[in-house]
Structures are given as structure tokens and as C-alpha cells.
Amino acid sequence: MTRRLRFNGTGSGGGSCPAIHEDLDTGEIIVHGPRLTDPDAIAQLQHLDEDEIPVVVPRNTLIDFGPKDRDTEPRILDPETFARLFENFRHSAWHLEMRKGYAVDRATDTYAQFVRGEAPTWDMDSPWARTISAKTRDGAYVGRVRIVDNPPTEGQLYLLAHAEHNAALGEEVRNMWREDARHVNLPDEDFWIFDSHIVALCLWDDEDNLTGAELITEPARVNQYNRLRDVAMHYAVPYERFKTLADARG
């Protein structure tokens, strides 16, 4: 279908490039300007696909003629697209885990082993293990804070054991009691933060299946989630110590 484009403006004065157009039907923004050709500069660009062309646009052109309103509709990623975020992040990925259990855990052999009272045999060659261990070996940070009920649910007890597997992949795992999380006003949300500027707010059905993720990139909202990460990391404790505390409570 042919796009219906509106010319928003140009900062060049004479009507030449660079300029900004807006799709009247989709709200998408189309920018054109001089192509970036410097190999050293291109090498610094993140998430540049083979079919994409980088262009140079003056800052004032974006400020003067770019959209002024935020999208009113949330951007929802399907589970497959969400999974690719773990392949593309550069320096950090962090997770706040708020749920009482996860369907993906209950479907594993290691969960069945745990329920039977056996020591789980962790798979160090799964796609997740290969992806995360490669990231941490390259110096990236991967961490999570898991919220635990009192008493812990079966799923949360499994994740306390699973933390050994996370740690073996290079992740930092901490835990926090739910009452403590409420005391410091952590929201009842399950989310990932990638490279401190992309938030994926996880969406779940009633059976604890991941149905998608809301993508959040607006700087003010992202900063709110970064602050929540800092609060959670400050009050949570390493999983080994937490496990001792949980055993003492039990």
C-alpha cells in the first residue's frame, strides 16, 4: 500500500536534505540526510542491520520537526522478538522477578527432579546457557533480584536452587522477601532492563506463561525503572545468604 507522507520540515533552509516526513496512517517517521560512510563511525553503531543505511541529521532538525507527542499505544513484543533482546544487548541485562512461579520452569526436567527431592542436573549447553555465558565471558553484566514470599512457593524454592546454575553462567543473583519489597515500594511488575536504556515489561497469562513484553524506551520512564533496579539491588541479598535465611525461617 502506498504511504501517505507529510513533509514536516528541513533544517537546511533551501528545502534540501536532511528532512523529516511523517506517515499519516502509521505515525512512523522517515528521515533522510547525508549517508554516514566512515567505517570507524559505522563500527560504533548498535543494532545496525544489513539492510539499514545510517544517515546524519542535525539535532535541531529532529527537535524542530520530529514528533512532539509520545505514542499512546504500548509497543508489544511477541515472545520470539523479546528473546532476541538477549542476543543484542551490549553491556548489561537485569531482571526483577516478582512472580510466584513460571510456567517455563515447571516444564523442565530439572523442575521435576527438584520436586522429587533430587539434585537437578543443569544443562550448561542449552541456548540460554550458551547465550548468557558468552555475554558474561565477554564482560557483560547479567543480574537479577528474585522476590520471595513467606513461606516461599514451590516455584520460588526451585529458583533458589536454580541460582547455582545462574551463577555458573556468570550471573549475579540476589533475593528479597516480598514484604521487604513492598516496604521500599517496589512495584508488582516483572521486567528486564537492557543496557540501562531499554525496558521490557513482561506480560503473563493466568498460567504464568509469557505472552509478550511491553517495550519501553522513553527516557523518563526508563530512568524510573533504573531507579527501581538500584533500590532492589541495595536491599536484596546474595542468593547464598538468602537461602540460609530462608532455611532458618522454615
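Use the structure listed above.
Residues numbered from 1 in each chain as written. Predicted model: local features only at pLDDT ≥ 70, side-chain atom pairs only at ≥ 80, totals over all residues. Heavy atoms only, no water.

1. Describing the sheet that holds strand 6 (residues 141–148)
We count it as follows: The criterion for strand pairing is that DSSP finds at least two bridges linking the strands in question. Secondary structure elements follow DSSP: runs of H or I of four or more residues count as helices, runs of E of two or more count as strands, with numbering from the N terminus. Note on contacts: a residue pair is in contact if any heavy atoms of the two residues lie within 4.5 Å. Every axis corresponds to a line fitted to the C-alpha atoms, with the helix fit spanning only the stretch in contact, and the corresponding angles, defined between N-to-C directions, vary from 0 to 180 degrees.
Pairing within the open sheet is mixed, and its eight strands lie in the order 4-10-9-8-5-6-7-11. Strand pairing shows two members of the sheet lacking a second neighbour, strand 4 (75–77) and strand 11 (237–238), which therefore form its edges. In the packing of helix 10 (residues 239–249) onto the sheet, contacts are made with strand 6, strand 7 (172–177) and strand 11, and the angle to strand 7 comes to roughly 30 degrees.

2. Let's talk about the packing of helix 7 (residues 154–168) against helix 10
The condition is simple: An angle below 35 degrees is read as roughly parallel, one above 145 as roughly antiparallel, one from 65 to 115 as roughly perpendicular, and any other as oblique. The sense of a crossing depends on the near helix, which, turned anticlockwise from the far helix by less than a right angle, makes the crossing left-handed and, turned clockwise, makes it right-handed. Gly counts as polar in this scheme, as do all residues outside two lists: the nonpolar Ala, Val, Leu, Ile, Met, Phe, Trp, Tyr, Cys and Pro, and the charged Asp, Glu, Lys and Arg.
The contact between helix 7 and helix 10 brings their axes to 10 Å, and the two run at 165 degrees. Our classification of the angle between helix 7 and helix 10 gives roughly antiparallel. By crossing handedness, the relation of helix 7 to helix 10 is classed as left-handed. Judged by residue contacts, L160, A163, E164 and A167 of helix 7 engage Y239, F242 and A246 from helix 10. When grouped by side-chain class, the residues that make up the contact of helix 7 with helix 10 number six nonpolar, no polar and one charged.

3. With respect to a nonpolar patch on the surface
Note the cut-off: Patch rule: a residue counts if its relative accessible area is over 30% and it has no salt bridge; like charges are joined within 9 Å, and nonpolar side chains (Val, Leu, Ile, Met, Phe, Trp, Tyr) within 5 Å. Shrake-Rupley sampling with a 1.4 Å probe provides the accessible areas, and residues are treated as covered by the protein chains on show and by no other component. A pairing counts as a salt bridge when a side-chain nitrogen of Lys or Arg comes within 4 Å of a carboxyl oxygen of Asp or Glu.
A contiguous nonpolar surface patch, about 370 Å² in accessible area, is contributed by I29, V31, I53, V55 and L62. Relative to the helices and strands, V31 resides in strand 3 (residues 29–32).

Note that all results are geometric; they support no functional claim without further evidence.
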